[in-house]
Amino acid sequence: LHLLRRLVRSHGAVAGVVIQTISGAVHEILERAGREMPTRQAAYELTVRWAAEEDPVLAAELGGLTDGYEVALGAIRDLVDAGFTPENEAGVLDQLAELGPVIPAAERRRAEALVRVATRVHRAGRELRIGPHAARIRVAAGVLRDEGAACFPTRACLVHGFADVTGVVADVLEALI
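The structure reproduced in this document is the subject of the present report. Worth saying up front: this structure is predicted, and the values here are computed from it rather than measured. (Residues numbered from 1 in each chain as written. Predicted model: local features only at pLDDT ≥ 70, side-chain atom pairs only at ≥ 80, totals over all residues. Heavy atoms only, no water.)

A few points about the overall build of the protein
What counts here: To qualify as a helix, a DSSP run of H or I must reach at least 4 residues; to qualify as a strand, a run of E must reach at least 2; elements of each kind are numbered from the N terminus. Remark: exposure states derive from per-residue accessible area (1.4 Å probe, protein chains only) relative to the maximum for the residue type, with buried under 20%, exposed over 50%, and partly exposed in between. In this description, contact between two residues means that some pair of their heavy atoms is separated by no more than 4.5 Å. The method behind every accessible area is Shrake-Rupley, applied with a 1.4 Å probe, and residues are considered shielded solely by the protein chains displayed.
Helix and strand counts for the protein stand at 9 helices and 0 strands. Listing each helix as α and each strand as β along the protein from the N terminus yields α-α-α-α-α-α-α-α-α. Dimensions of the protein along its principal axes, counting C-alpha atoms only, are 60 × 35 × 35 Å. Going through the 177 residues of the protein one by one, you find that 32% of them count as buried. A sequence separation of at least 24 residues applies to 75% of the contacts in the protein between residues at least 6 apart. In the form shown here, the protein has an accessible surface area of approximately 10800 Å², with 54% of it arising from carbon and sulfur atoms.

This is the structure we're talking about:
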């Protein structure tokens, strides 16, 4: 709304201008493409916590802490936002193994456990049709690449207000431009 006010002050009345958050744009893209993508964020978070509890490394490290699995949830959310998918698992684990001499063994084991849990949660999410918001963004980026303007018709698109972006948001922005 603040940006729209500034546009009206500097240019007078404007017609046909839509200001959207990235979430709003993603929703519009998926809706126009006929893609239903329920995130069911709460169910996804419960699945992450369950998978982390099932992992022996994370259970040993986080199980005794009050809401310790919140740490795993945040780390997995960051992995997914960066673009992690199960197809990346082997490469990420290889990179962690290469860092063996630099990273303390306990930290490397925790990182490996988080990668395994992220993979397990991703696969469970497919079966349960749940996922994080980043999954919607990833699908929207693919739709934009495949279908182009048909799913997001516009004569011009101004991207404003991003100091930094996650990997999946960068994919959408790149597809828009």
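Having seen the model, we can carry on.
A word on the side chain of Glu28
Residue position: Glu28 is located in helix α2 (residues 22-33). Judged by relative accessible area, Glu28 falls into the buried class, the value being 18%. Other than its neighbours up to four places away in sequence, Glu28 contacts Gln20, Cys151 and Phe152.

Side note on the nonpolar core
Across soluble globular proteins, nonpolar side chains show a tendency to be buried alongside one another. Which entries qualify depends on this criterion: As used here, the term nonpolar core means buried Ala, Val, Leu, Ile, Met, Phe, Trp, Tyr and Cys residues forming a set that is joined through side-chain atoms within 4.5 Å.
With 36 residues, the main nonpolar core has Ile29, Tyr44, Leu58 and Ile76 as its most contacted residues. Breaking this core down by element, the ones donating at least two residues are α2, α3 (41-54), α4 (56-62), α5 (69-81), α7 (105-128), α8 (133-147) and α9 (167-176). Those residues in contact with Ile76 that sit more than four places away from it in its chain are Tyr44, Val48, Leu114, Val117 and Ala118.

Thoughts on a nonpolar patch on the surface
Short version of the rule: Candidate patch residues must exceed 30% relative accessible area and have no salt bridge, after which like charges are joined if within 9 Å and Val, Leu, Ile, Met, Phe, Trp or Tyr side chains if within 5 Å. Here, a salt bridge means any side-chain nitrogen of Lys or Arg that lies within 4 Å of a carboxyl oxygen of Asp or Glu.
Taken together, the side chains of Val8, Val14, Val17 and Ile19 make up a nonpolar region of the molecular surface, amounting to roughly 270 Å² of accessible area. Here Ile19 is to be found in the loop between α1 (2-11) and α2. Given the relative accessible area of 39%, Ile19 is considered partly exposed.

Comments concerning the pattern of salt bridges
The tally for this structure, following the rule as stated, stands at 9 salt bridges. Residue Glu45 is joined to Arg77 by a salt bridge in which the shortest nitrogen-to-oxygen separation is 3.7 Å. Highlighted residues: Glu45 in helix α3 and Arg77 in helix α5, separated in sequence by 32 residues. A residue is classified by how much of its surface remains accessible, and Glu45, at 24% relative accessible area, is partly exposed. We classify Arg77 as partly exposed; its relative accessible area is 32%. The closest approach of N and O atoms between Asp67 and Arg49, which form a salt bridge, is 2.7 Å.

Re the layout of surface pockets
To be explicit about the condition: Grid points spaced at 1 Å over the protein atoms alone were grouped into cavities, where a 1.4 Å probe fits but cannot get out, and pockets, open sets with protein on both sides within 12 Å along at least five of seven lines, with lining residues defined by an atom within 4 Å of a point. Grid points are joined across faces, edges and corners, and a volume is the space filled by probe spheres set on the points. Residue polarity follows a fixed list, in which Ala, Val, Leu, Ile, Met, Phe, Trp, Tyr, Cys and Pro are nonpolar, Asp, Glu, Lys and Arg are charged, and the others, Gly among them, are polar.
Computed from the structure, the largest pocket encloses a volume of approximately 740 Å³. Together, 25 residues line the largest pocket, and Val18, Ile19, Gln20, Cys157 and Leu158 are the ones closest to its centre. Elements that contribute at least two residues to the lining of the largest pocket include exactly α1, α2 and α9. Tallying contributions element by element places α2 first for the lining of the largest pocket, with 4 residues. Tallied by class, the residues present in the lining of the largest pocket amount to 17 nonpolar, 5 polar and 3 charged.

Remarks on the environment of Asp94
Note on placement: Asp94 falls in helix α6 (residues 89-98). Judged by its relative accessible area of 47%, Asp94 falls in the partly exposed class. On a C-alpha basis, the gap between Asp94 and Glu112 in space is 9.7 Å, while along the polypeptide they are 18 residues apart.

Details of α7
We count it as follows: Expected span of a helix, by definition, is 1.5 Å for each gap between consecutive residues, and there is one gap fewer than residues.
Given a rise of 1.5 Å per residue, 24 residues ought to cover 34 Å, and the 34 Å separating the end C-alpha atoms of α7 matches this to within 8%. Among the residues making up α7, those that are buried are Glu112, Ala113, Leu114, Val115, Val117, Ala118, Thr119, Val121, Ala124 and Gly125. Here the buried face of α7 lies against α3, α4, α5 and α6. Within two residues after α7, Arg129 carries a phi angle of roughly 55°, on the positive side.

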